[in-house]
Amino acid sequence: IDLRALAKKARPSVLLLLVSDASGKEIATGTGFLVSSDGKLITNFHVIQDGASVVAKAENGSLFPVEGVLATDPKNDLAVLKLKSKNLPNLTLGSSDKIEIGTRIAVIGSPLGLEGTLTEGIISSVRQLMGDIRLLQVTSAISPGSSGSPVLTAQAEVVVVASSSFRG
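Note on numbering: residues in each chain are counted from 1, in written sequence order. Where local features are concerned, this predicted model is filtered to residues with pLDDT of at least 70; where side-chain atom pairs are given and counted, the filter is 80 or more; whole-chain, interface and lining totals use all residues. Calculation of side-chain values draws on the structure's entire complement of heavy atoms; hydrogens and water are dropped beforehand.

Colleague: Explain the overall build of the protein to me, please; I cannot follow it from the model alone.
Modeller: Under the DSSP-based scheme used, a helix requires at least four consecutive residues in state H or I and a strand at least two consecutive residues in state E, with every element numbered from the N terminus. When helices and strands are tallied, the protein shows 2 helices and 12 strands. Viewed in the frame of its principal axes, the protein has a C-alpha envelope of about 45 × 35 × 25 Å. For each residue, the accessible area found with a 1.4 Å probe, counting protein chains only, is set against the maximum for its type, and the residue is called buried under 20%, exposed over 50%, and partly exposed in between. Considering the protein as a whole, with its 168 residues, one finds that 40% of them fall into the buried category. Whether two residues are in contact is decided by their heavy atoms: any pair within 4.5 Å suffices. The contacts of the protein with a sequence gap of at least 6 include a subset with a gap of at least 24, amounting to 58%. We get accessible surface area from the Shrake-Rupley algorithm with a probe of 1.4 Å; when it comes to residues, only the shown protein chains can shield them. As presented, the protein carries roughly 8600 Å² of accessible surface, and 52% of it is formed by carbon and sulfur atoms. When charges are counted, Lys and Arg are positive and Asp and Glu negative, with His and the chain ends excluded. Where a charge lies is defined by one atom per residue type: Lys uses NZ, Arg uses CZ, Asp uses CG and Glu uses CD. If you average the places of the 16 positive and of the 15 negative side-chain charges in the protein, the two averages end up 3 Å apart.

Colleague: What's the story with the pattern of salt bridges in this structure? I'm lost.
Modeller: Side chains carrying opposite charge are able to pair once their charged atoms draw close together. Only one rule defines a salt bridge in this text: a Lys or Arg side-chain nitrogen within 4 Å of an Asp or Glu carboxyl oxygen. One pass over the full model with this rule turns up 4 salt bridges. Ionic pairing is found between Glu-115 and Lys-57, a salt bridge with its closest N-O pair at 3.2 Å. Here Lys-57 lies in strand E4 (residues 53-57) and Glu-115 lies in the loop between strand E8 (104-109) and strand E9 (117-129), a separation of 58 residues in the sequence. The class for Lys-57 is partly exposed, based on a relative accessible area of 25%. One salt bridge in this structure joins Arg-104 and Glu-120, with 2.5 Å as the shortest N-O distance. Note that Arg-104 is positioned in strand E8 and Glu-120 in strand E9, a separation of 16 residues in sequence. Residue classification places Arg-104 among the partly exposed residues on the basis of a relative accessible area of 40%.

Colleague: Would you take a moment to explain helix H1 (residues 3-10) for this structure?
Modeller: Helical geometry note: an α-helix holds 3.6 residues per turn, so side chains three or four residues apart project in the same direction. Every buried residue of H1 is listed here: Leu-6, Ala-7 and Ala-10. Projected down its long axis, H1 shows its buried positions confined to an angular sector of 95°, all on one face. Of the exposed residues in H1, those oriented more than 90 degrees away from the buried face are Arg-4, Lys-8 and Lys-9. If you follow the buried residues of H1, they end up packed against strand E1 (14-20), E8, E9 and strand E11 (150-152). Polar contacts, as counted here, are pairs of nitrogen or oxygen atoms within 3.5 Å of one another; within protein the pair requires one atom able to donate a hydrogen and one able to accept it, and residues that are adjacent in sequence qualify only if both atoms are side-chain atoms. You can read the cap of H1 off the contacts: a side-chain oxygen lies 3.3 Å from the backbone nitrogen of Arg-4, and it is on Asp-2. Directions are taken from the helix axis to each C-beta atom, and the arc is the one they span.

Colleague: Explain the pairing of E1 here, please?
Modeller: Taken residue by residue, a regular strand's side chains alternate between the two faces of the sheet. With 6 of 7 residues buried, E1 lies mostly within the body of the structure. Both E1 and strand E2 (residues 26-34) contribute to a ladder of 7 bridges, which runs antiparallel. Across the sheet, Leu-15 pairs through a bridge with Gly-32, a residue of E2. As consecutive antiparallel partners, E1 and E2 are separated by 5 residues, and within that stretch Gly-24 has a phi angle of approximately 90°, a positive value. Only strands that DSSP links by at least two bridges are regarded as paired with each other. Note: E1 against E4, 5 bridges, orientation antiparallel. The partner of Ser-20 across the bridge, within E4, is Ser-53.

Put into structure tokens, the structure is as follows:
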């Protein structure tokens, strides 16, 4: 993987999420990534589940309020949010169906609020859990705050959403 080229292409689409309670107090941070130019963003459900509001912060300092939650899937720990903005850079969703053990990957996230952090690794295992749940285990560091990060192939396609907490 050409990590420099991958980071240059993908980092503008990966945002730090600042989650607040009803009183406006920040209660969590996480990561999300844009999948459409009109502001659709994917993250982990557990990142936003206790929040009353979410603001997404780009690496360049731009802030985007979340207009709403378009979809949630607590079982698979996924949420799709809608940002109030247009003409945003976005990532392409790939398929994890043919990912094999040993495939090199990269993760861009916001561990401890440090947005745009790049780590690399491999797919270390592909596990089938509880029937239809498929888990890709990676060697890349997924620290608190990186939940919701895209796991990227060499072609900068997202193959899975990273989570720093396993909810099995």
